[in-house]
Amino acid sequence: MLTTSQARRWRGLAALAAATALLAGACGSTTPTTTPAASTPAGQSAEPGTSEPAASGGYTGPPVTIEYAIWGDPAEINSQKAVVEGFTAANPTITVDVTVADWDSYWDKLQTGLAGGAAPDVFAMDGPLGPDYQTRDVLLDLTPYIEAEGYDLGQLDDNAVKDFTTRDGVVFGLPRDLNVIALFYNRDMFDAAGIAYPDDTWTWEKLVEVGKQLTRDTDGDGTIDQWGLYTETTDMENAWSSFVWQAGGDILTEDGATSALDRPESAAGIQFLQDLIWKEKVVPDPAIFAETGDAFEQGVAAMEINGSWLVPTHEAAGIKLGIAPLPAGPAGKATSVNPTGAVVYANTDAPEASWLLARYLASPEAQEKIMALKASVPVNKEILATSYPASFDGAQVFADSLAFAHLKPAFVGYNEFATILQTELDENVFNAPNKTAADAIASVNEELNGILAGGQ
Amino acid sequence: MVLGLAFLSAGPILATLGISLTSWDLLRAPELVGLDNYARLVDDKRFLMALRNTTFYTAVSVPVGLALSLGLALALNQAIRGISWIRTMYFLPLVTSAIAVGLVWAWIYSPTSGLLNQLLGALGVPAQKWITDPFWAMPSIIAMSIWQGLPANTIIFLAGLQAIPGDYYDAASVDGAGRGGRFRHVTLPLLTPSLFFTGILSLIGSFQVFDQVFVLSRPGRPTDATITMVYFIYENGFRNFKMGYASAASWVLFMIVAVLMFAYFSSQRRWVHYQ
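Definitions and cut-offs
Residues numbered from 1 in each chain as written. Chains lettered and ligands numbered in written order. Predicted model: local features only at pLDDT ≥ 70, side-chain atom pairs only at ≥ 80, totals over all residues. Helix = DSSP H or I, 4+ residues; strand = E, 2+ residues; numbered from the N terminus. Buried ≥ 20, exposed ≤ 12 C-beta atoms within 10 Å, placed from the backbone. Contact = placed C-beta atoms within 7 Å. Expected span 1.5 Å × (residues − 1). Arc of directions from axis to C-beta. Pairing = 2+ DSSP bridges. Domains from an automatic or database assignment. Axes fitted to C-alpha atoms, helices over the stretch in contact; angles between N-to-C directions. Parallel < 35°, antiparallel > 145°, perpendicular 65-115°, else oblique. Nonpolar A, V, L, I, M, F, W, Y, C, P; charged D, E, K, R; others polar. Right-handed = clockwise from strand over helix to strand, strands pointing away. pLDDT = per-residue confidence, 0-100. Left-handed = near helix turned anticlockwise from the far one by under 90°.

1. So, the overall build of chain B
Here's step 1: Scanning chain B for helices and strands turns up 13 helices and two strands.
Here's step 2: Principal axes of the C-alpha set define a box for chain B whose edges measure 70 × 50 × 30 Å.
Here's step 3: Within the span of chain B, comprising 275 residues, buried residues form 36% of the whole.
Here's step 4: When contacts within chain B are restricted to residue pairs at least 6 apart in sequence, those whose partners lie at least 24 apart make up 70%.

2. Some remarks on the overall build of chain A
Here's step 1: Counting its secondary structure elements, chain A contains 19 helices and 11 strands.
Here's step 2: Classification of the 456 residues of chain A by burial places 54% in the buried group.
Here's step 3: Sequence separation of 24 or more characterises 76% of the internal contacts of chain A that already satisfy a separation of 6 or more.

3. Some words on helix 4 (residues 103–115) of chain A
All names here are of chain A.
Here's step 1: Over its 13 residues, helix 4 runs 19 Å from end to end, which matches the ideal 18 Å to within 8%, given 1.5 Å per residue.
Here's step 2: Where helix 4 is concerned, the buried positions are Trp103, Tyr106, Leu110, Gln111 and Leu114. End-on view of helix 4: buried residues confined to an arc of 120 degrees, all on one side of the axis.
Here's step 3: Two residues or fewer past helix 4, Gly117 is found with a positive phi of approximately 75 degrees.

4. Concerning the pairing of strand 4 (residues 122–126) of chain A
Residue and element names in this part refer to chain A.
Here's step 1: Here strand 4 lies mainly inside the structure; five of its five residues are buried.
Here's step 2: Burial of strand 4 is two-sided: the residues Val122, Ala124 and Asp126 facing one way and the residues Phe123 and Met125 facing the other way are all buried.
Here's step 3: Two strands pair when backbone bridges link them, and strand 2 (residues 64–71) and strand 4 are joined in this way by two bridges, in the parallel orientation. Of the residues in strand 4, the one forming a bridge with Tyr68 is Val122.
Here's step 4: As paired strands, strand 4 and strand 9 (residues 335–344) are joined by five bridges and run antiparallel to one another.

5. Here's the deal with the domain arrangement of chain A
Residues and elements named next belong to chain A.
Here's step 1: With domains assigned, chain A is organised as domain 1 (6–179 + 338–399) and domain 2 (180–337 + 409–454).
Here's step 2: Domain 1 puts 26 residues into the contact, and the matching count from domain 2 is 27 residues.
Here's step 3: Those elements that place two or more of their residues in the side of domain 1 that touches domain 2 are helix 1 (6–14), helix 5 (130–134), helix 7 (158–163), strand 5 (174–186), strand 9 and helix 17 (395–401).
Here's step 4: Of all the elements, helix 1 adds the most residues to the side of domain 1 that touches domain 2, at four residues.

6. Considerations on unusual backbone geometry
All names here are of chain A.
Here's step 1: Positioned with a positive phi, Lys281 is a non-glycine residue whose angle comes to about 55 degrees.
Here's step 2: In this fold, Lys281 is placed in the loop between helix 11 (264–279) and helix 12 (286–290).
Here's step 3: Lys281 gets classed as partly exposed once you count the C-beta atoms within 10 Å, which come to 16.

7. Digging into the packing of helix 9 (residues 179–207) of chain B against helix 13 (residues 243–271) of chain B
Residue and element names in this part refer to chain B.
Here's step 1: Where helix 9 contacts helix 13, the two axes come as close as 11 Å, and the packing angle between them is 170 degrees. In this view, helix 9 runs roughly antiparallel relative to helix 13, as classed from their interaxial angle. Counting all contacts with helix 9, which are made through Thr192, Phe196, Ile200, Leu203, Ile204 and Phe207, the residues of helix 13 involved are Leu253, Ile256, Val257, Leu260, Tyr264, Gln268 and Trp271.
Here's step 2: Residue composition of the contact of helix 9 with helix 13, grouped by class: 11 nonpolar, two polar and no charged.

8. A closer look at the interface of chain A and chain B
Here's step 1: Chain A puts 31 residues into the contact, and the matching count from chain B is 27 residues.
Here's step 2: Put simply, the parts of the chain that give the side of chain A that touches chain B at least two residues each are helix 1, helix 4, helix 12 and helix 18 (414–430) of chain A.
Here's step 3: Looking at the side of chain A that touches chain B, the element that brings in the most residues is helix 18 of chain A, giving six residues.
Here's step 4: In the side of chain A that touches chain B, the residues fall into 13 nonpolar, nine polar and nine charged.

9. Some thoughts on the environment of Ile227 of chain B
Residues and elements named next belong to chain B.
Here's step 1: Counting through the fold element by element, Ile227 comes out in the loop between helix 11 (223–226) and helix 12 (229–239).
Here's step 2: A tally of 25 C-beta atoms within 10 Å means that Ile227 is categorised as buried.
Here's step 3: In sequence terms Ile227 and Ile99 are 128 residues apart; their C-alpha atoms lie 18 Å from each other.
Here's step 4: Here Ile227 is in contact with Arg46, Met49, Ala50, Asn53 and Phe232, once residues within four sequence places are set aside.

10. Let's talk about the pairing of strand 3 (residues 94–101) of chain A
Residues and elements named next belong to chain A.
Here's step 1: Bridging between strand 2 and strand 3 involves eight bridges; their strand directions are parallel. Across the sheet, Ile70 pairs through a bridge with Val100, a residue of strand 3.
Here's step 2: With helix 3 (residues 74–90) bridging strand 2 and its parallel neighbour strand 3, the resulting β-α-β unit is right-handed.

11. Quick word on the confidence of the model for chain A
Here's step 1: When pLDDT is averaged along chain A, the result is 88, and 87% of the positions lie at 70 or above.
Here's step 2: In this model, residues 1–56 of chain A is a region of pLDDT below 50 whose contacts with residues beyond four sequence positions or in other chains number 119 contacts.

12. With respect to the packing of helix 1 (residues 2–19) of chain B against helix 13 of chain B
The relative placement of two packed helices comes down to the angle between their axes together with the axis-to-axis distance.
All names here are of chain B.
Here's step 1: Helix 13 packs onto helix 1 with a crossing angle of 125 degrees between their chain directions and a minimal axis gap of 8 Å. Comparing their axes, helix 13 and helix 1 come out oblique. By crossing handedness, the relation of helix 1 to helix 13 is classed as left-handed. Contacts between helix 1 and helix 13 involve Ile13, Thr16, Leu17 and Ile19 on the former and, on the latter, Met243, Gly244, Ser247, Ser250, Trp251 and Phe254.
Here's step 2: When its residues are assigned to classes, the contact of helix 1 with helix 13 shows six nonpolar, four polar and no charged.

13. Points about the environment of Glu31 of chain B
Residue and element names in this part refer to chain B.
Here's step 1: In this fold, Glu31 is placed in strand 2 (residues 31–32).
Here's step 2: In the structure, Glu31 is positioned 224 residues away from Met255 in sequence and 24 Å away in space, judged by C-alpha atoms.
Here's step 3: When neighbours within four sequence positions are excluded, Glu31 is seen to be in contact with Thr22 and Ser23.

14. Comments concerning the confidence of the model for chain B
Here's step 1: When the pLDDT values of chain B are averaged, the result is 89; 97% of them are 70 or greater.
Here's step 2: Our summary of model confidence lists the complex with pTM equal to 0.86 and ipTM equal to 0.84.

15. Observations regarding the environment of Val379 of chain A
Residue and element names in this part refer to chain A.
Here's step 1: Note that Val379 resides in the loop between strand 10 (377–378) and helix 16 (381–385).
Here's step 2: For the pair Val379 and Asn179, spaced 200 residues apart in sequence, the C-alpha separation works out to 9.7 Å.
Here's step 3: Ignoring anything within four residues of it in the chain, the contact list for Val379 reads Leu156, Asp157, Ala160, Pro175, Arg176, Asp177, Leu178, Pro339, Ala362 and Gln367.

Structure below.
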């Protein structure tokens with residue numbers, strides 16, 4: 001249950017009525033247009049003459065319909081459909097049915113579909129959950145296609161490619177977009193307080209200092225009306241994994257076989273989040289906003305540590321948004337990157353068309369469309385270096401942050417690991433300071449190692 | 001009907017028994033492991049929590065729910081003007097989706113802007129964190145479930161009440177029975193078939209509680225305090241790739257409910273009076 005974007009999950013649920021309507025409406029197919037068949041997907045090195053297993057460029061097989069399953073909010077769904085239209089325009093004999101679901105039912109449907117032998121041909125995959133599927137013979141090995149046409153994986157963000165490649169070098173899917181964590185700030189609140197905007201010189205100490213200055217009881221009734229900083233505590237991605245890395249710790253050991261959370265540096269990172277809430281009191285008690293959602297979006301927090309996917313949400317809320325890199329911790333700068341990608345079903349009837357769609361999604365042409373939404377950081381290096389940084393104010397920060405980003409851990413048993421760990425942290429560290437981070441980790445670390453051992 | 005039962009119920013139940021003896025991730029071929037899953041359940045802290053929470057949920061929500069719906073049925077069993085409108089109002093929760101109900105209650109329980117804390121605040125009671133508080137989480141879910149289950153039981157009680165002939169009450173009055181006497185000696189005995197029926201439905205339903213927990217147990221909630229048997233089954237089967245383990249838990253749940261049902265039906269002769 002604990003994965004990428006908890007914010008998305010809740011927004012999805014809250015907008016269930018809308019989502020249900022969309023489910024009914026969005027399952028329609030993107031029919032092939034009458035555009036000339038000669039156009040090829042951009043950005044691929046053509047290798048003339050190769051036809052096995054897939055010729056570079058346009059699709060050469062018989063007319064086929066493939067299903068592309070994704071999760072997402074309405075804006076993301078529209079963006080993905082626009083991308084798919086570009087693909088079918090270039091490959092008129094391929095029809096793509098885009099099917100969508102909210103985060104929870106997406107995985108239920110996918111697993112029952114895979115178990116019943118009726119899974120989508122291409123489906124979205126969350127980085128951390130990848131290994132659970134890679135190791136279960138349900139994904140198509142794309143290596144033959146990549147080798148046949150000399151597809152260069154180096155054109156995509158290296159961290160992101162890692163999530164879709166096994167330790168043995170088998171490529172299961174291609175990354176589609178990136179989720180990167182940064183520091184959002186409300187320009188109006190900083191201006192009103194006469195405080196300089198956050199920049200890349202910031203440290204943990206500076207964050208606490210400014211956080212205190214901006215945490216205020218504006219009407220003098222004894223309760224805080226404006227918080228210095230807001231973040232989500234319920235998943236490692238939103239803030240605390242970055243703190244762990246900034247403190248010099250890690251989630252797993254280098255070989256991925258055991259938990260590294262019991263290192264003092266790792267505990268220090270988690271402890272920092274507890275201190276921000278309960279000692280420095282610059283981040284609200286998580287219970288306060290558990291029901292109502294993002295305090296920054298509501299205009300009652302001056303800063304927020306969270307992911308790139310929130311940019312359009314904050315802009316739509318009318319926040320005068322500024323974006324800065326995460327402050328440096330005792331061990332320097334660090335942030336979290338988590339890719340979403342497209343994988344192909346092992347028993348698809350249309351492997352070539354499915355590969356072409358996955359490849360297209362990572363192409364510069366598709367990436368420019370995905371990036372226009374502002375919610376996703378492109379995965380294609382060319383776009384990351386050229387058009388993305390200037391595409392909106394703050395995009396440059398996300399692009400630059402990739403240089404010190406750590407990949408959100410991905411391993412077999414991720415969900416179970418995260419549930420056990422996060423239940424303990426929520427109950428005893430973040431929701432109430434019952435234990436120090438080190439004590440909480442000590443009480444679950446053995447169980448976490450057991451889960452990791454079970455997945456080997 | 002029998003055929004339908006065989007295919008739709010007995011088939012899956014037996015299949016689940018078979019799956020519970022395997023290690024199966026839903027995606028690859030299952031592997032026979034004998035009773036390993038059952039042996040592991042006994043030591044699984046999270047499973048024991050789920051068992052304890054579900055028992056607590058049932059022990060509170062069934063009796064309180066039945067008592068409240070009986071009271072409501074008595075109140076609605078009046079020949080006053082506009083009674084059908086009043087009844088309709090009370091039956092609204094029945095036709096509202098669990099998700100919508102969950103969202104509204106999430107707002108009611110909100111620690112800062114929630115209705116409940118504002119009401120209590122007006123009475124001078126300090127604000128509580130309700131669903132995020134490990135102590136209050138389960139009672140909060142129970143309150144919501146009772147509210148939601150109220151109309152279904154009330155309809156059955158109301159039908160039972162209206163089936164009691166007025167003559168009986170007249171005869172009881174002639175014999176000198178007061179309000180309380182009429183309730184104890186006429187209403188309650190003649191309502192026992194309805195009580196039996198609502199009791200069995202509530203009991204089964206409460207052991208299978210899932211929707212309310214699923215909706216209210218968003219990330220960050222103390223799931224240790226609210227995880228139920230069916231949630232545990234869902235979590236293992238669909239999140240942790242442990243369908244065999246989940247099936248074993250399903251069978252434990254099935255056996256618990258079956259034993260309770262057997263005891264319940266055996267007790268029928270002693271307290272249920274058919275006219």
